[in-house]
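Analysis of the macromolecular model
Take a look at the letters that make up each chain.
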Amino acid sequence: MDETQIIKQLKEGNEVAFKNMVDTFQEKVLNTSLGFVPSLHDAEDIVQEVFLEVFRSINKFRGDSKLSTWIYRITTTKCLEHIRAKKREKRKSFFQSLIGMHENVDRIKVFDYNHPGVLLENKERSKTLFAAIEKLPEKQRVAFTLHKIEGLSYQEITSIMETSLSSIESLMFRAKKNLQKTLGNFYNNNNC
Amino acid sequence: MKNKKINIDQEVKTTMESIDQIKRVEVNPFLFTRLQEKLGQELEVGTVKTGIRFPVWQFAMVVALLFINGFALKELGFFNKITETASIDEFANEYALAENEEEDLDYLSLND
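Reference entry: report on the structure contained in this document. (Residues numbered from 1 in each chain as written. Chains lettered and ligands numbered in written order. Predicted model: local features only at pLDDT ≥ 70, side-chain atom pairs only at ≥ 80, totals over all residues. Heavy atoms only, no water.)

**Examining the interface of chain B and chain A**
- Opposite the 28 residues of chain B that make contact, chain A presents 43 residues.
- Carbon and sulfur atoms make up 65% of the surface buried where chain B meets chain A, a total of about 3,400 Å² over both sides.
- Looking only at chain B, the three residues that lose the most surface to chain A are B:M16, B:R24 and B:V25, adding up to 19% of its buried area.
- Scanning the region where chain B abuts chain A turns up four salt bridges.
- With a closest N to O distance of 3.0 Å, B:R24 and A:E150 form a salt bridge.
- Counting every contact that joins chain B to chain A gives eight residue pairs in polar contact (both at pLDDT 80 or more).
- Of all the secondary-structure elements, those providing two or more residues to the side of chain B that touches chain A are helix 1 (2–17) and helix 2 (31–75) of chain B.
- No other element matches helix 2 of chain B, which puts nine residues into the side of chain B that touches chain A.
- Split into classes, the residues belonging to the side of chain B that touches chain A amount to 12 nonpolar, seven polar and nine charged. (Contact = heavy atoms within 4.5 Å. Buried area = accessible area lost by both parts, 1.4 Å probe. Salt bridge = Lys/Arg side-chain N within 4 Å of Asp/Glu carboxyl O. Polar contact = N/O pair within 3.5 Å; in protein donor to acceptor, adjacent residues only side chain to side chain. Helix = DSSP H or I, 4+ residues; strand = E, 2+ residues; numbered from the N terminus. Nonpolar A, V, L, I, M, F, W, Y, C, P; charged D, E, K, R; others polar.)

Encoded structure:
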C-alpha cells in the first residue's frame with residue numbers, strides 16, 4: 001500500500017491503519033526521543049504524546065512532505081517542548097528554594113539519566129556526552145541528534161528542519177566544535 | 001603538560017565516539033495498549049468538555065440575542081408605538097368614536 005492510501009485511511013479514522021502506522025514508526029520515535037531525553041520513562045511519555053498528536057492533526061497533514069518526515073518533526077517538537085517544560089520546572093524549584101519553599105535544589109534534575117541502549121562500560125562516558133549535548137543551542141542539538149543518534153542523512157534532516165543543506169552542514173560543524181570544547185573543558189577540570 | 005593535552009584530546013575523541021555504540025532500544029510491547037487507553041480518555045474528555053461547554057455557549061448566545069432584539073426594538077421605537085396606540089384608544093374611548101364605528105358597520109350590513 002502506498003503512503004497516500006495510508007494517509008487517506010488515517011484521515012478516515014481507520015483503526016487498523018493507525019495501529020500499522022504506530023507499529024512502523026514507534027521504534028524510530030522512541031530512539032529519537034531517547035536521543036533528546038535520555039530517560040526511558042520520559043521518552044515513552046513523549047512517544048505517546050507524538051502518536052496522540054498524529055491522531056489529532058492527521059487532517060491538517062497536507063502531504064507536502066513524507067509521513068516519516070512529518071512524524072520526525074512532531075517528535076522533535078515534542079522533545080524540545082518536554083525539555084523546556086523540565087527546565088521551567090527546575091527554574092521554578094530553584095526560585096522556590098531561594099525563598100525557602102523547596103527543601104533541596106540539588107535533588108532537582110532535568111532528567112534522570114537512564115538510557116537503556118547504552119552499554120554499562122560506556123555509561124559514565126555517555127552521561128558526560130549527553131550532558132554536553134544538552135548545552136548545545138537548540139538547532140545544533142536537533143541536527144546532531146538526528147544525524148548521529150538516529151542516523152538520518154543530511155537530506156532528511158533538511159526536510160525535517162525545513163532548512164537548506166548548507167545550514168545543516170554548518171549546524172553539524174558547529175555542534176561538533178562546541179561538543180569538543182565542552183568535553184575538553186570538562187576533562188581539563190577533572191584533571192584527566 | 002603535552003601529555004595532559006594528548007590525554008584530554010583522546011578522552012574527548014573516545015567520548016564523541018561512544019555515541020556510535022548506543023544500541024537501538026526495543027519498544028515496550030504494551031505501548032499500543034497504553035496509547036489506546038490515552039486516546040480513549042482523550043475522546044471521553046472531549047465529549048465531557050463538549051457537554052459542559054455547549055450549554056454555556058448556548059446560554060450566552062440566547063442572552064446576547066435577547067439583548068440585541070431588545071435593543072433593536074427600542075431603537076425602532078416599538079415601545080413608543082404601544083404608548084401611541086394606548087393613547088389613541090384612550091382618545092377614541094373618550095370621544096365615543098369606537099361605538100360610532102360599530103353602528104356604521106351595522107348600518108351597512110342592514111342595507112345589504
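There's plenty left to go through after this.
**Let's talk about unusual backbone geometry**
Residue and element names in this part refer to chain A.
- A positive phi angle, close to 50°, is found at E162, a residue other than glycine.
- For E162, the position within the fold is in the loop between helix 7 (154–161) and helix 8 (165–189).
- Of the residues examined, E162 reaches a relative accessible area of 60% and is grouped as exposed. (Buried < 20%, exposed > 50% of the residue type's maximum accessible area, 1.4 Å probe, protein only.)

**Notes on the pattern of salt bridges**
- Across all of its chains, the model carries 15 salt bridges over all chains by this definition.
- Across the pair A:E44 and B:R34 runs a salt bridge whose closest N-O atoms are separated by 3.7 Å. In this pair, A:E44 sits in helix 3 (residues 40–57) while B:R34 sits in helix 2, so the two residues belong to two different chains.
- We classify A:E44 as buried; its relative accessible area is 12%.
- Across the pair A:K78 and A:E53 runs a salt bridge whose closest N-O atoms are separated by 3.3 Å. Residue A:K78 is located in helix 4 (residues 67–98), and its partner A:E53 is located in helix 3; the two are separated by 25 residues in the primary sequence. An identical accessibility class is assigned to A:K78 and A:E53; each is buried.
- Bridged by salt links that share partners, the residues A:E49, A:E53, A:R56, A:K78 and A:E81 form one connected network.

**Section: helix 5 (residues 123–134) of chain A**
- Helix length check: helix 5 of chain A (12 residues) gives 16 Å between terminal C-alpha atoms against 16 Å at 1.5 Å per residue, within 8%.
- Among the residues of helix 5 of chain A, those classed as buried are A:S126, A:T128, A:L129, A:F130, A:A132 and A:I133. (Expected span 1.5 Å × (residues − 1).)

**As for the nonpolar core**
Residue and element names in this part refer to chain A.
- F18, M21, F51, L67 and I71 are the most contacted members of the largest nonpolar core, which has 63 residues in total.
- In terms of residue count, the dominant contributor to this core is helix 2 (residues 15–36) (nine residues).
- Split by domain, the residues of this core number at least three in each of domain 1 (1–117) and domain 2 (119–192).
- With sequence-adjacent residues up to four places away left out, M21 is seen in contact with L10, F51, V54, L67 and I71. (Core = buried A, V, L, I, M, F, W, Y, C linked by side-chain atoms within 4.5 Å. Domains from an automatic or database assignment.)

**Overview of the side chain of A:S39**
Residues and elements named next belong to chain A.
- The residue S39 is located in the loop between helix 2 and helix 3 in this model.
- We classify S39 as buried; its relative accessible area is 6%.
- If we ignore the near neighbours within four places in the chain, the residues touching S39 are L34, D112 and N114.

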